[in-house]
Amino acid sequence: MRVLVVTAVAAERDAVCAAGGPYTPRALPGGLALHRGGADTGPAVDVLAAGVGPASAAAGTATALTAATLDGAPYSLVISAGIGGGFAPAAPLGCVVVADALTAADLGAETPEGFLPVTELGFGTVTHRPGPALVRAVAAACGARTGPVLTVSTVTGSAARAAELTARHPGALAEAMEGFGVAEAAVAHGAGVLEIRTVSNAVGPRDRAAWRIGPALTALTGAFAALPAALRAL
Ligand SMILES: O=C(O)c1cccc(C(=O)CC[C@H]2O[C@@H](n3cnc4c(=O)[nH]cnc43)[C@H](O)[C@@H]2O)c1
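Residues numbered from 1 in each chain as written. Predicted model: local features only at pLDDT ≥ 70, side-chain atom pairs only at ≥ 80, totals over all residues. Heavy atoms only, no water.

- Identification of the chain as Futalosine hydrolase from Streptomyces benahoarensis is taken from an unreviewed UniProt entry.
- For the chain, the Function (unreviewed entry) comment in UniProt is given as "Catalyzes the hydrolysis of futalosine (FL) to dehypoxanthine futalosine (DHFL) and hypoxanthine, a step in the biosynthesis of menaquinone (MK, vitamin K2)."
- Database annotation for the chain, UniProt heading Pathway (unreviewed entry): "Quinol/quinone metabolism; menaquinone biosynthesis." (UniProt positions renumbered as here; feature names shortened; annotations may be inferred.)

**A word on the site of the ligand**
Turning to step 1, where the next piece is worked out: Glu 175, Glu 178, Asn 201, Arg 206 and Arg 208 are the nearest of the 15 residues found near the ligand.
Turning to step 2, where the next piece is worked out: Glu 175 is positioned with one of its side-chain polar atoms (N or O) 2.6 Å from a nitrogen atom of the ligand.
Turning to step 3, where the next piece is worked out: At a separation of 2.7 Å, an oxygen atom of the ligand approaches a polar side-chain atom of Glu 178.
Turning to step 4, where the next piece is worked out: Sorting the residues of the shell around the ligand by element identifies strand S5 (77-86), strand S11 (174-176) and strand S12 (192-202) as the ones contributing at least two each.
Turning to step 5, where the next piece is worked out: Split by residue class, the shell around the ligand holds six nonpolar, four polar and five charged. (Near = heavy atom within 4 Å. Polar contact = N/O pair within 3.5 Å; in protein donor to acceptor, adjacent residues only side chain to side chain. Helix = DSSP H or I, 4+ residues; strand = E, 2+ residues; numbered from the N terminus. Nonpolar A, V, L, I, M, F, W, Y, C, P; charged D, E, K, R; others polar.)

**A short note on unusual backbone geometry**
Turning to step 1, where the next piece is worked out: The linkage connecting Gly 21 with the following residue, Pro 22, adopts the cis geometry, with an omega of 5°.
Turning to step 2, where the next piece is worked out: The linkage connecting Ala 88 with the following residue, Pro 89, adopts the cis geometry, with an omega of -5°.
Turning to step 3, where the next piece is worked out: Mapped onto the elements, Pro 89 comes out in the loop between S5 and strand S6 (96-104).

**Brief notes about the environment of Leu 227**
Turning to step 1, where the next piece is worked out: Checked against the element boundaries, Leu 227 lands in helix H6 (residues 213-232).
Turning to step 2, where the next piece is worked out: Among the residues examined, Leu 227 registers a relative accessible area of 4% and is labelled buried.
Turning to step 3, where the next piece is worked out: Expressed as a C-alpha distance, the spacing of Leu 227 and Ala 141, which sit 86 residues apart in the sequence, is 6.4 Å.
Turning to step 4, where the next piece is worked out: Contact partners of Leu 227, with chain neighbours within four places excluded, come to Ile 79, Val 138 and Ile 196. (Buried < 20%, exposed > 50% of the residue type's maximum accessible area, 1.4 Å probe, protein only. Contact = heavy atoms within 4.5 Å.)

**Examining the environment of Glu 164**
Turning to step 1, where the next piece is worked out: Following the sequence through the fold, Glu 164 ends up in helix H4 (residues 159-168).
Turning to step 2, where the next piece is worked out: Each C-alpha atom, one on Glu 164 and one on Thr 69, is 41 Å from the other, the two residues being 95 residues apart in sequence.
Turning to step 3, where the next piece is worked out: Only 2.9 Å separates the side chain of Glu 164 from the side chain of Arg 168, close enough to count as a polar contact.

**Concerning the packing of helix H1 (residues 10-17) against H6**
Turning to step 1, where the next piece is worked out: Contact geometry for H1 and H6: axes closest at 7 Å, N-to-C directions at 40°. One element, H1, and the other, H6, form an angle in the oblique class. Note on packing geometry: the crossing formed by H1 with H6 is right-handed. From H1, Ala 11, Glu 12, Ala 15 and Val 16 reach across to H6, where they touch Leu 217, Leu 220, Thr 221 and Phe 224.
Turning to step 2, where the next piece is worked out: A class-by-class count of the residues in the contact of H1 with H6 yields six nonpolar, one polar and one charged. (Axes fitted to C-alpha atoms, helices over the stretch in contact; angles between N-to-C directions. Parallel < 35°, antiparallel > 145°, perpendicular 65-115°, else oblique. Left-handed = near helix turned anticlockwise from the far one by under 90°.)

**Considerations on the pattern of salt bridges**
Turning to step 1, where the next piece is worked out: Within the structure shown, the criterion is met by eight salt bridges.
Turning to step 2, where the next piece is worked out: The shortest N-O distance in the salt bridge between Arg 13 and Asp 14 comes to 3.0 Å.
Turning to step 3, where the next piece is worked out: Taking relative accessible area as the criterion, Arg 13 reaches 15% and is therefore assigned buried.
Turning to step 4, where the next piece is worked out: By relative accessible area, Asp 14 is classed as partly exposed at 39%. (Salt bridge = Lys/Arg side-chain N within 4 Å of Asp/Glu carboxyl O.)

**Overview of the packing of helix H2 (residues 54-70) against helix H5 (residues 179-188)**
Two measures define how a pair of helices packs: the angle their axes make with one another and the distance between the axes.
Turning to step 1, where the next piece is worked out: Running from amino to carboxyl end, H2 crosses H5 at an angle of 30°, the nearest separation of the two axes being 7 Å. As far as their axial angle goes, H5 and H2 are roughly parallel. Two packed elements cross with a definite hand, and for H2 against H5 that hand is right-handed. Facing Pro 54, Ala 57, Ala 58, Thr 61, Ala 62 and Leu 65 of H2, the residues of H5 in contact are Gly 181, Val 182, Ala 185 and Ala 186.
Turning to step 2, where the next piece is worked out: In the contact of H2 with H5, the residues fall into eight nonpolar, two polar and no charged.

The following block contains the structure:
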């Protein structure tokens, strides 16, 4: 099994790499640097920091998937990973969340009656669902909660927006900015997809001082230290 892990920034990539290794940097087209891991202790895991937001995530993921296919060693699983906002109280600071649905929460149209997702406009898709057995196995190994993770292009900054999102997506556990973009590229290449987030802040009123990025990165390392055992058992 070959696994591609896609993060937004280098700090998240380094947190994932700290769970295993060693990793060797390899240049990809487009100025991306893929950190290539070994396969001696289980699945071969490569890690890429593709940039913040769904567009960068999709572009970087597609680049890495295409390069692997042209090399004759395609990835079978792509994991969007990093810090994220948690919807309190279901997803407190520092917890690990594994998505059972990766949903684009602001892909659609604003109407006088409210937001309409593209699926209600007659085209596209807004949700990708990983295999349930994979979600269960990874969540069990990582001590994670499972639920929908929302992909947004704008970080929520008010209680009203948080309430609007949870009303439209009951049970949503976390918000981030890359998962749906990673999933679109993975599905286009026939690969499985997962999203693993560790909660750095509460989704709601903007409060930079309340962000706990360090502990969330530490939790990310812990989650990826437990991941290979779950993947080997599948
Ligand atoms: O509101 C701000 O000033 C602010 C402060 C620090 C970071 C940001 C970001 O835009 C981080 C986006 C980056 O981190 C992920 N992330 C983490 N928490 C959230 C969230 O509550 N909502 C959406 N994304 C979040 C995201 O995946 C990006 O990679 C803003």
